[in-house]
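Next come the chains, spelled out residue by residue.
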Amino acid sequence: MRTTQTSTFLTHTALAVFAVLTAAATAVAPPASALAQDVSPSPQPRQDAPAEDAPQPSPLARALADLRDALHGDRSAAIEGVLALAESAQEVAETIRGGLPAPMTTAGWRVLRARDDNGTPRPYHLYVPESVAASAAPAPLLIDMHGGVSRPEFIDDASFEGRRTMWQEMADAQGFVLACPLARADCTWWSDAGVGHVRAVVRYAKRHAPIDSDRVVAAGFSDGASGCYYLAMAAPDPFAALVPMNGHPLVATGASGRQLYLRNALSMPLFVCMTQDDGLYPAQTVLPHIQALIREGASLHVVSYPTGGHSPSYLADQAAALGGFVAGAVRDPLPDRIEWATAHEETGARAWMEILEIRAGAGDAPAADVPDMQVMSTPGRVLIGIGVDREYAGAGVRVTTVDEDRPAGPLGIEVGDVVVAVDGAPVANLADLRRVLGGKRFGDALAVRVERDGLDAPLDLSTTIAPFTSEPTYGRERPTAWIALTRDGNTVRVTSRGVGRFRLQLSDAQFDLGAEVVVIVNGVERARAVPAPDVRRVVEGWAASADSGLSFAAFLDVTVPPVPAETK
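The rules behind each value
- Sequence positions are assigned chain by chain, starting from 1 and proceeding in written order.
- In keeping with the predicted nature of the model, local features appear solely for residues at pLDDT of at least 70, side-chain atom pairs appear and are counted solely at 80 or more, and the whole-chain, interface and lining totals rest on all residues.
- Side-chain calculation: all heavy atoms of the structure are included, whereas hydrogens and water are not.
- Strands here are runs of E lasting at least two residues and helices are runs of H or I lasting at least four, both read from the DSSP assignment and numbered beginning at the N terminus.
- Note on classification: 1.4 Å probe, protein chains only; a residue is buried when its accessible area is under 20% of the maximum for its type, exposed when over 50%, partly exposed between these limits.
- Any two residues whose heavy atoms approach within 4.5 Å are treated as being in contact.
- Take the buried Ala, Val, Leu, Ile, Met, Phe, Trp, Tyr and Cys residues and link them wherever side-chain atoms come within 4.5 Å; each set so joined is a nonpolar core.
- Pairing between strands is defined by DSSP: at least two bridges between the two strands are required.
- Throughout, an axis means a line fitted to C-alpha atoms (over the contacting stretch in the case of helices), and angles, computed between N-to-C directions, take values from 0 to 180 degrees.
- Scored between 0 and 100, pLDDT is the confidence that the predictor attaches to each residue.
- Each aromatic pair joins two rings of Phe, Tyr and Trp (for Trp, the six-membered one) with centres within 6.5 Å, and gets the label stacked for planes under 30 degrees apart, edge-to-face for over 60, and tilted for any other angle.
- Think of a salt bridge as a Lys or Arg side-chain nitrogen and an Asp or Glu carboxyl oxygen that are within 4 Å of each other.
- Between the first and last residue of a helix there are one fewer steps than residues, each counted as 1.5 Å, and that sum is the expected span.

Side note on the overall build of the protein
In terms of regular secondary structure, the protein is built from 14 helices and 24 strands. Expressed as a percentage of its 568 residues, the buried residues of the protein come to 52%. Restricting to contacts in the protein with at least 6 residues of sequence separation, those with at least 24 account for 73%.

Okay, structure coming up:
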């Protein structure tokens, strides 16, 4: 069962000067030749020389550590090396949980590359405090996701140094490792590529520092914060907690193109930071979603500052609380109760359960019994409905995308147009556009001047902003698969709707793999079997994630009979 959760909400009437962002970087970026590598070679030798009176690591433990540290292309050989030593899946799982030799660790900043499951390498920055480098004890890991992900290329290393200082002082004080993956337009935090990159960075960080798999936290500002909300609603494994700062859950919904479920975020502790005068995501537009979570008992710590704009200007003020939150967050990797909803098989996994097929099933729970969390839209600020080219150096704002359902559609704005004035006020840059639109209300007239290729003179466009209509903010156009599982010994009781097939991933730390596992779905027994532990699958799972908390030795697929054709 989910443990009792608490929520705290703090409103600050004054802002501290944000010193962290302006602090000088303490490390120099590696030379360009080092950055050109697809991935860094595994540091050797590992810190696996124990004290004279300490037990030596077993050959299997060393082989599993070698697999953890192997590069993407070398893992097949390392897998076979483990299998040559492993007598059973349980032995492998127990060895992983018992602790492996720590990797050789270098203190300071490094710029590295991580390959995702598809073999695609992408950059990330890694910081290891001196205290972590001096100890082989597993440390927490903070994944920090930056904003502005619509850029065409990854942020260059020199430009990213200022961003690195945001968390470094906290990492030193609290003793956690810091990893900063990079995103761009083809690798956003709410895309499969972006989530794959983040998970690869978690995986690769374990090659360079001793990481506690149950103490991994993701944080982000702006688009990074919206990415945190996406992780909470669609891909929470392998995180213990999330820290969204000045982002919005609906960005994750709209930009991902996926049907998301706010209720999924109940399983994840959140430290939410907002500013009330944020020009992009003012606190008043985020609060209804946070309040919906609070009403359902979410584990939340919320801070809302009256001023600060769209910036993490509260970080210095919140350093102690945030640092303690990151260092103290601990995941329960194998909860006895799981509840999950999705409309896409790609986002059907949670802990030890995975939805494999979405369809109506015989004996589904009634629709009225399926819980959901919906938030009705509020007016908020007027959005013109354009994507912008952040790299454009000329006067005005160049348009990259047009949302036909917002004012840009009726106005007739086209991709490539450059917005140079709104309601007669000059627009020299994005800040000007936001300031002018900040004074608009639904139902107002709107006049926009644009420069368009092929025209000798600017083009004046006008429309009336449509009146505001409150609607559910989380769309439900696609069929929903919802499932709730409760484990009692080797019996799993399931209530579900729209789940045609699902998989249980079984750990010997949670189930007796020598006895029958019984699965009862909506009151009907659907599976009864003695699991067959698969040593290769547990080793391959370790190779993919290096997650000691989610090391599964057996798997049980459960099918719910479809609704008979004559009753459809």
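Focus on the nonpolar core
Within the largest apolar cluster, 62 residues are counted, with the highest numbers of intra-cluster contacts made by Leu 141, Ile 143, Val 177, Phe 239, Leu 242 and Leu 293. Here Leu 242 is in contact with Val 217, Ala 218, Cys 228, Leu 231, Ala 232, Met 268, Pro 269, Leu 270, Phe 271 and Phe 325, once residues within four sequence places are set aside. Counting residues in each nonpolar core, the second largest holds 51 residues, with Ile 96, Leu 504, Phe 511 and Phe 552 among its members.

Side note on the sheet that holds strand β22 (residues 517-521)
Read across the sheet, five strands follow the order β10-β19-β20-β22-β23 without closing on themselves; strand pairing throughout is mixed. Among the strands making up the open sheet, the edge pair consists of β10 (337-342) and β23 (524-529). Taking each pair of neighbouring strands and ignoring which way they run, the sheet shows an average axis angle of 15°. By the bridge criterion, six bridges tie β10 to strand β19 (residues 481-488) in an arrangement that is antiparallel. Looking at β19, one finds that Thr 342 is bridged to Ala 481.

Quick word on the sheet that holds strand β11 (residues 349-350)
Ordered in space as β11-β12-β21-β24, the four strands form an open sheet in which the pairing is antiparallel. Each having just a single partner strand, β11 and β24 (554-559) make up the two edges of the open sheet. In terms of strand pairing, strand β12 (residues 353-358) meets strand β21 (residues 499-506) through five bridges, oriented antiparallel. Looking across to β21, one finds that Met 353 is bridged to Leu 504.

Description of unusual backbone geometry
The general pattern is negative phi for most residues beyond glycine and trans for most peptide bonds. The amide bond that connects Asp 237 to the next residue, Pro 238, takes the cis arrangement and shows omega of 20°. For Pro 238, the position within the fold is in the loop between α8 (223-234) and β7 (241-245). Here Asn 246, not a glycine, exhibits a phi torsion of approximately 55°, which is positive. When you line up the elements, Asn 246 lands in the loop between β7 and α9 (249-256). Despite not being glycine, Ala 351 shows a phi value in the positive range, around 55°. With respect to the secondary-structure elements, Ala 351 resides in the loop between β11 and β12.

A word on the confidence of the model for the protein
Mean pLDDT over the protein stands at 90; residues scoring 70 or higher make up 90%. Counted against residues more than four places away or in other chains, residues 1-6, with its pLDDT under 50, gives 12 contacts. Scored below 50 in pLDDT, residues 11-51 makes 88 contacts in the model with residues more than four places away or belonging to other chains.

Points about the packing of aromatic side chains
Within this structure, the stated rule accounts for five aromatic pairs. Here the aromatic rings of Phe 271 and Phe 325 are separated by 5.4 Å at their centres, their planes lie at 70°, and the arrangement is edge-to-face. On the criterion of sequence distance, the pair formed by Phe 271 in strand β8 (residues 270-275) and Phe 325 in helix α11 (residues 319-328) is long-range, its members being 54 residues apart. When its relative accessible area of 1% is taken as the criterion, Phe 271 is described as buried. For Phe 325, a relative accessible area of 18% puts it in the buried group.

What to know about the pattern of salt bridges
Tallying each qualifying case throughout the model produces 29 salt bridges. Here Arg 528 and Glu 516 are joined by a salt bridge, their closest N and O atoms 3.0 Å apart. Of the two residues, Arg 528 sits in strand β23 while Glu 516 sits in the loop between β21 and β22, which places them 12 residues apart along the sequence. We classify Arg 528 as partly exposed; its relative accessible area is 45%. According to the relative accessible area criterion, Glu 516 is partly exposed, its value standing at 39%. A network of salt bridges, in which partner residues are shared, links Arg 263, Glu 296, Arg 337 and Glu 339.

Section: α8
The end-to-end C-alpha separation of α8 is 16 Å, in line with the 16 Å expected for 12 residues at 1.5 Å each. Of all 12 residues that make up α8, 12 are buried, and the element is covered over most of its length. Turning to α8, its buried residues number three or more, namely Asp 223, Gly 224, Ala 225, Ser 226, Gly 227, Cys 228, Tyr 229, Tyr 230, Leu 231, Ala 232, Met 233 and Ala 234.

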